[in-house]
Every structure is written in structure tokens, then in C-alpha cells.
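Fold and geometry: a report
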Amino acid sequence: MTRELTHFINGQHVAGASGRFGDVYDPSTGAVQARVPLASTVEVTDAIAVAEAAQREWGAWNPQRRARVLLRFLDLIAKDTPALARLLSTEHGKTVDDAKGDIQRGVEVIEFAAGAPHLLKGEYTTGAGTGIDVYSMRQPLGVVAGITPFNFPAMIPLWKAGPALAAGNAFILKPSERDPSVPLRIAELFLEAGLPKGVFNVVNGDKEAVDALLTDDRIKAVGFVGSTPIAQYIYATAAANGKRAQCFGGAKNHMIVMPDADLDQVADALIGAGYGSAGERCMAISVAVPVGKETGDALAAKLAERVTHLRVGPALADGVDYGPLVSADAVERVKGYIQTAIDEGGTLLADGRGLVVDGHEEGFYLGPTLFDDISTDMTIYREEVFGPVLIIARADDYEQALAMATDHEFGNGAAIFTRDGDTARDFSTRVEVGMIGVNVPIPVPIAYHTFGGWKRSGFGDLNQHGPDSFRFYTKTKTVTSRWPSGLKEGASFVMPTMH
Ligand code: NAD
């Protein structure tokens, strides 16, 4: 019998009531292992009512007491990580070591959010005018929602929830319907850590649940991560309904390879950043841009050789570099991009389409695929592939390489590999991309800095984690106060100014 998953509302698992379900696969075997309930509008609005009631108490706790819940959560998730990582791998398909990294990068934002008492301190001006003090405070928004993608089922929910909860909000998470079990386990761990019931809720679902969140007045902010068309839809709909929104979308991350770079180091970095997690990372490098013919020829040869050694297999197996893609549809979509690139004139250096993993013939595997001679007008250059496909798009000189990363519609991450500090500095300053790596292939900023892409990789003005996240999840109230005896002096009809 297929296991039936639940929602997690008001501190308990709640069976789905809509009668609609989605299949949850084990991508390594291709088998359906569970079904996840897809919430109706009524189920979502009931969960919002629960969260609204719970937030009143939680928001009134002092910030240090709230932070202690996060500190206890850190202990619990540390003990649970081996089991949680395996659970993550069986639904997502990434290797267990990679799943541990997914959890760890989320944990680091909880560590950061535990410093909330400091981050929530307001500002104060004494004597702004005669006898007048001005101070501002940061207050929680109320109930906020997170809508998250399949590719980091631990990290991204924790990126959203950590600062939101620490700031005193209640949270409704609508995780990806493709791998909902890790978010449900995270909800159990928060409860065990002492979070009051109803403060962190998981509502599983699809567009119907998302639309219910976007149109309900009681939801004050929406944090989204996923593909660009949905990010733009959620940003527009949330704004039209008077909500704050931060919505992060797709990517096409370039790595510029200068002629002075160490090409063995570059090739190793590209193999890890291009094929790790089967390329299903928003910060994966999907475009290598070698500068000059000599660099391009040498890099292509090194990559073509290294790709042959990659080990693809089941997520739980030892010695595997990357596992299956998340779904059969994803495999078909990526194969479509590969065929289109061949048809449009790309040079195929490695073709992963024929890969079969012994004993796992039904799994969603795709071998590493490598293209050379990709030009900027080809489909595979313009669109996000989100699979184990690396393309080489050559540039004649540095300015052309810089323009490629700058002109692309996505602007999530970019890297430059060089031994020249001046070139690296020029690139970091001028490129129109949100996160830059200098000799670092996947420049995901650390928890106390902020994460966010530019152009069509990010909609909204405040980034994830770091100080921005506390600005996003709080509203500022500014008090101008005076305690003089002169309040009875009579009305003043001119605009108050500070003398
Ligand atoms: P997705 O857009 O399909 O789904 C993301 C979320 O939106 C899920 O919770 C899903 O249920 C919901 N959703 C899907 N269709 C919807 C619709 N029509 N209306 C309302 N909600 C809908 O994305 P995905 O396939 O889960 O994740 C992969 C994408 O996420 C890639 O494009 C990747 O680049 C991107 N991503 C971006 C970042 C970033 O920080 N920029 C990080 C991770 C992933």
C-alpha cells in the first residue's frame, strides 16, 4: 500500500481532506513511494486561522525566549541529520553527502536567526527637538507564507522560516509537492524544540493552495523560490493583494575562464559545479566561458576527459557523484534541450542520454552531457536546463565574456577564474549579476550575508537571509515622543519641524 502523507497544522499531522493527491517518487528506482495530499482553499484558510491565533502569543514572547527555541532546534536537527539526509535523498535523488549539505546550509541560517534579539533592536534619537525623542521598533508582520522548490527541501524552507519565526511571525510553508517529507519532519522538530503549536505549519498542495495563500488578507508576506515564470506570477499576485513578496527564480550561471587561470583547477571546479546534484541547483554553473581559442581548446579537452569518470547511481549508494533527476518529466525535458542543441549546431562532446544504471533501469537517470561551440542565440544558452548538462560558450576576449553574463536575462550567480586581481575586481564591479565567485564556483553567500539574484532571477527588493531577511519579516514603527508640560499650550497649525 502506498503511504499517505499529511499536512502539519496546529502541532499535529492532519490528513488531507480535498480528495486530491500527488505522487511522491523515489527517483532512484522510479517507483511511487507515497502520495501527498493537495490542500483545498478551505484547508489553507483553516490553517491560516490557526496560525493567526498562535502568532498573537508567539509575537508577544520576548526575542531572547524565541531565540532559545531556535537554539534547541539546532540541537535536535544535528542529532537527526543522518536520518533526515537519507529521507531527503530518497525523495529528491541527491546523494546523502549532498543532502547533508542541503540541511547544513539551512541550519546555518537558523544559527544566524538565533541572533534575532540583536537584529530586532530599533533605532533611537534622543533630543531630536526640544524635549523630543524619536525611536523606531521592528514588529512582526503576523502570518507569513513560504512557497519553496523541490531542489533544496531542507535549506530553503529553513532560510525562510528561521528569520520569520525569530522575528515573531507565524509561518505557513507550502513546500514542493515532489519532496514534502523533509519539511514535515522539520515541523516535528520545531514542535519538539518548544515552538508553540500553530506557529509553524506545513500545508501541502499545488496551485490551488498557493492561490489561497496569495489572496488571503491575513497573509502579510510571501517568500518564494522556484522557476522564473512562477516567481513572476507570485510576485505580481502577492503585490496585487497588498502583500510583501520576495520571489527568486531560475538561473543561467556563467563561469568566465581567463587565459591565466589554472585550467586543472577550473576543470575540477566546473565538473563539481556543473554536475553536482545532477545540475539541479540554482547556483550550478551551466555555462563555461573560456576566453580565447587556446583556453577554449584546452578546457574542452580537460572537461571531456573528466566527464568520462563521473559516477552516476542511486542516491543512497556509496561512491556516487550524482544521483537521478527528480522526475521522469525532468529527464524528458533535459533530453529535449540536448536534442535541440544538436539540431541548432552545438558540438556534442559527451552524451548522457543512453545511460542505464544496472538494477535501477526505471530510475530517472541522465548521464553527464557536455557541449562545445554554443552560441548566445541557441536555445540551450538562453534557457535554464536544470540538469547535468554543461555548455561551453567561447568568448574572444574579456569584454565579450563580461557582456555575455551581463546581457543574459538571468542574473543569479557568476564566477570568474583568474590569477589577476584587477580583472577579478573589474568583473565583480561591472557584471549585472547578484552573486559573484572569484575563483569560487558556487558563490552561495554565507548565512549572515544575503542571497539573491538580479534581473529575472529575483523579484522584490530584499534578499534572503542576512540582515535583509529581518527587514523583510518585520515592519518598522517610528515613535516621536514628548513629555513636556507644554502640551496644553494650544493647537499648532504649521507642519511640525525640529527646531
Ligand atoms: P517550480 O516553480 O515548479 O515550483 C516552485 C513552487 O511553486 C512549488 O512549491 C510549486 O508547488 C509551486 N508552483 C508550481 N507551479 C505553480 C503555479 N502554476 N502556481 C502556483 N504555484 C506553483 O520550481 P521547482 O521545479 O520546484 O524548482 C526548480 C526551479 O527553482 C529552478 O528554476 C531553479 O533555478 C529555481 N531555484 C531558484 C533558486 C534561487 O534562489 N534563485 C533556488 C532554488 C531553486
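Residues numbered from 1 in each chain as written. Predicted model: local features only at pLDDT ≥ 70, side-chain atom pairs only at ≥ 80, totals over all residues.

**Considerations on the overall build of the protein chain**
Helices and strands together make up the secondary structure of the protein chain, namely 15 helices and 23 strands. For a compact globule of 499 residues, the expected C-alpha radius of gyration is about 23 Å, and the protein chain comes in at 25 Å, within 12% of that figure. Each of the three principal axes of the protein chain carries a C-alpha extent, and together these read 85 × 60 × 40 Å. The 499 residues of the protein chain split such that 52% are buried. (Helix = DSSP H or I, 4+ residues; strand = E, 2+ residues; numbered from the N terminus. Rg over C-alpha atoms; globule rule 2.2 N^0.38 Å. Buried ≥ 20, exposed ≤ 12 C-beta atoms within 10 Å, placed from the backbone.)

**What to know about the UniProt feature "domain: Aldehyde dehydrogenase" (unreviewed entry) in the protein chain**
The positions that UniProt labels "domain: Aldehyde dehydrogenase" (unreviewed entry) are, in the present scheme, residues 17–479. In the segment residues 17–479, helix accounts for 42% and strand for 21%; the C-alpha atoms at its two ends are 46 Å apart. (UniProt positions renumbered as here; feature names shortened; annotations may be inferred.)

**Here we look at the nonpolar core**
In terms of nonpolar packing, the biggest core is built from 81 residues, with Phe171, Ile172, Leu213, Val222 and Ile234 touching the most fellow members. Per-element tally for this core: the top contributor is helix α5 (residues 155–166), with eight residues. Not counting the four nearest positions on each side in its chain, Ile234 is found in contact with Ile147, Leu214, Val222, Phe224, Ala245 and Cys247. Grouped together as the second largest cluster of nonpolar side chains are 66 residues, Met255, Ile338, Tyr381 and Tyr398 included. (Core = buried A, V, L, I, M, F, W, Y, C linked by C-beta atoms within 7 Å. Contact = placed C-beta atoms within 7 Å.)

**Remarks on the domain arrangement of the protein chain**
Domain parsing of the protein chain yields domain 1 (3–249 + 457–479) and domain 2 (253–438). A C-alpha centroid distance of 31 Å is found between domain 1 and domain 2. Contributions of two or more residues to the side of domain 1 that touches domain 2 are made by α2 (63–92) and α3 (96–113). A per-element tally of the side of domain 1 that touches domain 2 places α2 first, with four residues. Grouping the constituent residues of the side of domain 1 that touches domain 2 by class yields four nonpolar, 11 polar and four charged. (Domains from an automatic or database assignment. Nonpolar A, V, L, I, M, F, W, Y, C, P; charged D, E, K, R; others polar.)

**Quick look at the packing of helix α9 (residues 263–275) against helix α10 (residues 293–307)**
Interaxial distance between α9 and α10 falls to 10 Å at its minimum, and their mutual angle equals 50 degrees. Taken together, the axes of α9 and α10 lie oblique to each other. Considering the relative orientation of α9 and α10, their crossing is right-handed. Contacts between α9 and α10 pair Leu263, Asp264, Val266, Ala267, Leu270 and Ile271 from the former with Ala298, Leu299, Lys302, Leu303 and Arg306 from the latter. (Axes fitted to C-alpha atoms, helices over the stretch in contact; angles between N-to-C directions. Parallel < 35°, antiparallel > 145°, perpendicular 65-115°, else oblique. Left-handed = near helix turned anticlockwise from the far one by under 90°.)

**Describing the site of the ligand**
Near the ligand lie 26 residues; those nearest to it are Pro149, Gly226, Ser227, Phe248 and Cys282. Taken together, the residues that form the shell around the ligand break down as 11 nonpolar, 10 polar and five charged. Here the shell around the ligand gathers at least three residues from each of two domains, domain 1 (3–249 + 457–479) and domain 2 (253–438). (Near = placed C-beta within 6 Å.)

**Regarding the sheet that holds strand β23 (residues 474–482)**
If you walk across this open sheet you meet the three strands as β6-β7-β23, and the pairing is antiparallel. Edge positions in the sheet fall to β6 (123–129) and β23, since each has one partner strand and no second. Neighbouring strand axes in the sheet, compared pairwise and without regard to direction, differ in orientation by 20 degrees on average. Here nine bridges tie strand β7 (residues 132–140) to β23, and the two strands are oriented antiparallel to one another. Looking at the pairing, Asp133 lines up with Ser481 of β23. (Pairing = 2+ DSSP bridges.)

**A word on the pairing of strand β17 (residues 389–392)**
Residues Val389 and Ile391 of β17 are buried on one face, and the alternating residues Leu390 and Ile392, pointing to the opposite face, are buried as well. Two strands pair when backbone bridges link them, and strand β14 (residues 285–290) and β17 are joined in this way by two bridges, in the parallel orientation. Looking at β17, one finds that Val287 is bridged to Ile391. Examined bridge by bridge, strand β16 (residues 369–372) and β17 share three bridges and lie parallel to one another. In the strand pairing of β17, Phe371 is matched with Ile391.

**Side note on the environment of Phe472**
Looking at the element boundaries, Phe472 is found in helix α15 (residues 466–472). What makes Phe472 buried here is the crowd of 25 C-beta atoms within 10 Å. Sequence separation between Phe472 and Thr347 is 125 residues, and the spatial gap between their C-alpha atoms is 45 Å. Ignoring anything within four residues of it in the chain, the contact list for Phe472 reads Ala221, Arg244, Gln246 and Leu462.

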